[in-house]
Amino acid sequence: MHRTVTTCLTLAFAAITAVPLFAAPASAAAPIAAAAAKPPNVRACFDGKCKITITKAVRFRISSRYGFTRLSIARVGSGMVKVQGTGPGVSSTVVLGSGGRGTINNLSVRVSVAQKSATIRLTPR
């Protein structure tokens, strides 16, 4: 009798307070969220050979053989991507739309723009 009363009271409390008795652990969704928020591997771009997908602006170091030491990539406007190389006393910029190809010094850039991301392929010239 004691167990029946305890069970009934627990169920009644859960119904009144709208507390779920059997909920999935919060950690079950964490790997999915972490994978979705994973930033692109910009270190792979140091040598000027890489393909990255961005959802927000990135800035990273690049080999000085291209005439600059930092590369910035950001979406600008609707369907456009700005790639800018900077270094001591130098700045070079190219703005490309989806499917566009361009160069910054000896670095070739190809861009593909989606609704919420942009994929950039860098290759030496």
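Only a predicted model underlies this, so the values are computations on that prediction, with no experimental measurement involved. (Residues numbered from 1 in each chain as written. Predicted model: local features only at pLDDT ≥ 70, side-chain atom pairs only at ≥ 80, totals over all residues. Heavy atoms only, no water.)

Participant: Would you mind going over the environment of arginine 125 with me for this structure?
Facilitator: Topologically, arginine 125 is positioned in the segment after strand E8 (118-124). We classify arginine 125 as exposed; its relative accessible area is 64%. For the pair arginine 125 and valine 109, spaced 16 residues apart in sequence, the C-alpha separation works out to 9.6 Å. Residues within four places of arginine 125 in sequence aside, it is in contact with Thr103, Asn105, Asn106 and Ser108. (Helix = DSSP H or I, 4+ residues; strand = E, 2+ residues; numbered from the N terminus. Buried < 20%, exposed > 50% of the residue type's maximum accessible area, 1.4 Å probe, protein only. Contact = heavy atoms within 4.5 Å.)

Participant: Could you clarify how one ought to interpret the confidence of the model for the protein in this entry?
Facilitator: Interpretation of the predicted coordinates at a detailed level should be avoided for regions scoring low in pLDDT. For the protein, mean pLDDT is 81; residues scoring 70 or higher make up 70% of the total. Per-residue pLDDT stays below 50 along residues 19-24; that stretch engages in four contacts with residues further than four places along the chain or on separate chains. (pLDDT = per-residue confidence, 0-100.)

Participant: What is the right way to read the sheet that holds strand E7 (residues 107-113) from this model?
Facilitator: Where strands meet in a sheet, backbone hydrogen bonds hold them as pairs that are either parallel or antiparallel. Reading across the sheet, the four strands line up as E1-E8-E7-E6 and stay open at both edges, with antiparallel pairing between neighbours. Pairing within the sheet leaves two strands with one partner each, and these edge strands are strand E1 (50-54) and strand E6 (101-104). Pairwise comparison of adjacent strand axes, ignoring direction, gives a mean angle of 25 degrees for this sheet. (Pairing = 2+ DSSP bridges. Axes fitted to C-alpha atoms, helices over the stretch in contact; angles between N-to-C directions.)

Participant: For this particular structure, what's the right way to read the sheet that holds strand E4 (residues 80-87)?
Facilitator: The sheet built from four strands is open, its strands ordered E2-E3-E4-E5 with antiparallel pairing. At either end of the open sheet lies a strand with only one pairing partner, and these are strand E2 (58-61) and strand E5 (90-97). Ignoring which end each strand starts from, the neighbouring axes of this sheet average 15 degrees apart. One ladder, built from eight bridges, connects E4 with E5; its direction is antiparallel. For methionine 80, the partnering residue across the bridge sits in E5 and is glycine 97.

Participant: Please explain the environment of glycine 97 as it appears in this structure.
Facilitator: Locating glycine 97 in the fold gives a position in strand E5. Look at glycine 97 and you get partly exposed, because its relative accessible area is 21%. If we skip the residues at most four places from it in the chain, glycine 97 touches Gly79, Met80, Val111 and Val113.

Participant: Is there a simple way to think about the nonpolar core in this case?
Facilitator: Ile52, Leu71, Ile73, Ile120 and Leu122 are the most contacted members of the largest nonpolar core, which has 23 residues in total. When residues of this core are traced back to their parent elements, those giving at least two are E1, E2, strand E3 (70-76), E4, E5, E7 and E8. For this core, the element with the most residues is E7, which contributes four residues. When near neighbours in sequence (up to four residues on either side) are disregarded, leucine 122 contacts Cys45, Gly48, Lys49, Cys50, Phe60, Leu71, Leu107, Ser108 and Val109. (Core = buried A, V, L, I, M, F, W, Y, C linked by side-chain atoms within 4.5 Å.)

Participant: Can you help me understand the pairing of E8 in this one?
Facilitator: Here is the key point about a regular strand: its side chains alternate between the two faces of the sheet. With five bridges connecting them, E1 and E8 associate as antiparallel partners. Its bridge partner lying in E8, threonine 53 is registered against threonine 119. With seven bridges joining them, E7 and E8 adopt antiparallel strand pairing. Across the sheet, the residue bridging to valine 111 is isoleucine 120, located in E8. Between the end of E7 and the start of E8, which pair antiparallel, lie four residues.

Participant: I'm lost on unusual backbone geometry in this one. Help?
Facilitator: For residues other than glycine, phi is negative in most cases, and the peptide bonds are mostly trans. With a phi close to 55 degrees, asparagine 105 is a non-glycine residue in the positive phi region. Along the chain, asparagine 105 turns up in the loop between E6 and E7.

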